[in-house]
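This is what each chain is made of:
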Amino acid sequence: MKERAQLLLEIADDELILGWRDSEWTGIAPFLEEDVAFSSIAQNEVGHARALYELAARDLGTTADELAFDRKPEEYCCSELVELRLPEWERTIARHVLYEQADAERLARLKTSDDAELAGLAAKIDREEVYHRLHAEMWAERLQAEPRFIAALDELRPLVDRRKGQSPELAELWDEMTSVRRSQPAGTTW
Amino acid sequence: MTEAEVWKALAEIADPEIPVISVVDLGVVRDVRIEQERVHVEFTPTFLGCPALAVMRDAMAEKVRELGGEPEVEVVLDDSWSTDKITPQGREKLRAAGFAPPTPREAEAPKLVQLQSNGFRCPYCGSRDTALENIFGPTPCRSLRYCRECRQPFEQFKTI
């Protein structure tokens, strides 16, 4: 696979799967403001995934939807960090903090790429991610002395750079995420 | 058909989520070029996850068709749109509808202390005694603030 497409897929998979995981807080966050925040962050992440898949799809001669939903779970190349279902608030916040840090570094690198399309899209995404980072920063400050939060950071940190883990949790999520699409023959127009 | 006519027609398209403002006021139409029948429109999305994007793109194509042109709406995925592109008229329309317009984009990314500061004016009473309630709001482009002066919650456009 082309090198650029592979890089785009890695980031797009991260953003899509994280978007789905974040959306799991819709309706069950500890208070209403966080319900709004995580739903909005999820929407942004899926939007970033769409733009990244569109660019990759052009390189690979396919479509964004096919890349997002018609691959097998083992073909996704997201970080193991985003694959996990984390129904505990402190672990969700720990993931949020770790992901936003890693993503900020990645975007900073891409913004200086000599590939103008990649650099332009990274700059666009980064403008939105700033607000995710501020939200993560706010929570990191609030929970900084909480032992459960500190333990969650230690637990999840090694997963950031671990890819292709093919965890059972990703397979389960994939099953839910694609079930409606798979209920119809391939190539169906939705 | 002239480019000016296309711009005028596009200015009739309301933002699907904030109908007081048009897509031209919003600054998302970057360029209009006519080559015989073909009308090329460069569209720079606001927030990438905004569900209104597809609606705006389709509405632009439809307007061009109404003028008898063959639309070619190109979605430009770069950093050329910013909230600074919202026109002065657009900002006033937002304020009048109770949405505080975005503060100008600065060289540095916004910081938490800035969002928590009193640099934001209530669109209803003009007071700067306002507090950040939530960085996120009902759509990706808005935050929630509360005016301590007139006790009115309001939506603040995020600066991007």
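This is a predicted model, so every value here is computed, not measured.

### Examining the interface of chain B and chain A
Point 1. Contacts between the two partners involve 19 residues from chain B, matched on the other side by 25 residues from chain A.
Point 2. The set of elements that each furnish at least two residues to the side of chain B that touches chain A consists of α4 (112-115) and β5 (130-134) of chain B.
Point 3. Among the residues making up the side of chain B that touches chain A, the classes are represented as twelve nonpolar, three polar and four charged.

### As for the sheet that holds strand β2 (residues 38-43) of chain B
Two orientations exist for strands paired in a sheet by backbone hydrogen bonds: parallel and antiparallel.
Residue and element names in this part refer to chain B.
Point 1. Here three strands make up an open sheet; going across it, the order is β1-β2-β3 and the pairing mixed. The sheet is open, and its two borders are formed by β1 (29-35) and β3 (70-75), each paired with just one other strand. The sheet shows a mean angle of 15° between the axes of neighbouring strands, direction not considered.
Point 2. Two strands pair when backbone bridges link them, and β1 and β2 are joined in this way by six bridges, in the antiparallel orientation. When the sheet's bridge partners are listed, V32 is paired in β2 with V41.
Point 3. Helix α1 (residues 3-10) contacts β1 and β2 of the sheet and is inclined by roughly 140° relative to β1.
Point 4. Against the sheet, helix α2 (residues 52-66) contacts β2 and β3, and its axis sits at roughly 155° relative to β3.

### Quick word on the sheet that holds strand β6 (residues 142-147) of chain B
All names here are of chain B.
Point 1. Here we have four strands laid out as an open sheet, ordered β4-β7-β6-β5, and mixed in their pairing. Because the sheet does not close on itself, it has two edges, and the strands there are β4 (99-100) and β5.
Point 2. Sheet topology places β5 next to β6; four bridges connect them, and they run antiparallel. By the bridge assignment for β6, N134 is matched with L144.

What counts, and where the lines are drawn
Residues numbered from 1 in each chain as written. Chains lettered and ligands numbered in written order. Predicted model: local features only at pLDDT ≥ 70, side-chain atom pairs only at ≥ 80, totals over all residues. Contact = placed C-beta atoms within 7 Å. Helix = DSSP H or I, 4+ residues; strand = E, 2+ residues; numbered from the N terminus. Nonpolar A, V, L, I, M, F, W, Y, C, P; charged D, E, K, R; others polar. Pairing = 2+ DSSP bridges. Axes fitted to C-alpha atoms, helices over the stretch in contact; angles between N-to-C directions.

Any functional reading would require information that these geometric values do not contain.
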